[in-house]
Amino acid sequence: MSAELERALIDRHGPMLPSRVLWKVLGYSSAAAWRQSIRRQTVPVPIFKLEGRSGYFALSRDVAQWMAQQRMTATEAADQKGGMS
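Described in the following lines is the structure provided in the data block. This is a predicted model, so every value here is computed, not measured. (Residues numbered from 1 in each chain as written. Predicted model: local features only at pLDDT ≥ 70, side-chain atom pairs only at ≥ 80, totals over all residues. Heavy atoms only, no water.)

### Describing the overall build of the chain
For the chain, the helix and strand inventory stands at four helices and two strands. For the chain, the N- to C-terminal ordering of α and β elements is α-β-α-α-β-α. Intrachain contacts of the chain at a sequence separation of at least 6 include 50% that bridge at least 24 residues. Working note: accessible area of the chain is about 6000 Å², and carbon and sulfur atoms make up 52% of it. Where the 12 positive side-chain charges of the chain centre and where its 7 negative ones centre are 12 Å apart. (Helix = DSSP H or I, 4+ residues; strand = E, 2+ residues; numbered from the N terminus. Contact = heavy atoms within 4.5 Å. Areas by Shrake-Rupley, 256 points an atom, 1.4 Å probe, with all protein chains shown as cover. Lys, Arg positive; Asp, Glu negative; His and termini not counted. Charge placed at Lys NZ, Arg CZ, Asp CG, Glu CD.)

### Structural notes on helix H3 (residues 31-40)
Residues of H3 that are buried include every one of Trp34, Ser37 and Ile38, and no others. Considered in projection along H3, the buried side chains sweep an arc of 100 degrees and stay on one side of the axis. Facing away from the buried side of H3, by more than 90 degrees, are the exposed residues Arg39 and Arg40. On its buried side, H3 packs onto helix H2 (19-25). Immediately beyond the C-terminal end of H3, within one or two residues, lies Gln41, with a positive phi of roughly 60 degrees. (Buried < 20%, exposed > 50% of the residue type's maximum accessible area, 1.4 Å probe, protein only. Arc of directions from axis to C-beta.)

### Structural notes on the environment of Asp62
If you trace the backbone, Asp62 turns up in helix H4 (residues 60-84). Taking the C-alpha atoms as reference points, Asp62 and Pro44, separated by 18 residues in sequence, lie 9.5 Å from one another. Not counting the four nearest positions on each side in its chain, Asp62 is found in contact with Val45 and Pro46.

### As for unusual backbone geometry
If you check the backbone angles, Gln41 has positive phi at about 60 degrees while not being a glycine. With respect to the helices and strands, Gln41 occurs in the loop between H3 and strand S2 (57-59).

### Some details on the nonpolar core
Counting 14 residues, the largest nonpolar core has Leu22, Leu26, Trp34, Val43 and Val63 as the members making the most contacts within it. Of all the secondary-structure elements, those providing two or more residues to this core are H2, H3 and H4. A per-element tally of this core places H2 first, with three residues. Not counting chain neighbours up to four residues away, the residues in contact with Trp34 comprise Ser19, Leu22, Trp23, Leu26, Tyr28, Val43, Ile47 and Tyr56. (Core = buried A, V, L, I, M, F, W, Y, C linked by side-chain atoms within 4.5 Å.)

Listed below in structure tokens is the structure:
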């Protein structure tokens with residue numbers, strides 16, 4: 001699943017995602033929520049700055065891996081909940 005997500009992100013945005021894309025892809029409700037997460041250092045993927053560019057960036061690969069992990073965790077939780085009934 002991670003490889004498929006990575007390919008989709010790269011096809012659409014390239015190998016690096018800028019802040020204006022990241023906050024939406026990572027599910028933040030607003031750009032302000034994204035900035036607050038940066039301040040609190042709670043962004044779930046490694047982010048970095050590029051010299052001469054504004055904002056933060058993340059690798060499409062890192063975002064795809066995080067998304068796939070979130071899906072796997074949710075699926076496992078649902079399986080456990082269903083198994084307890």
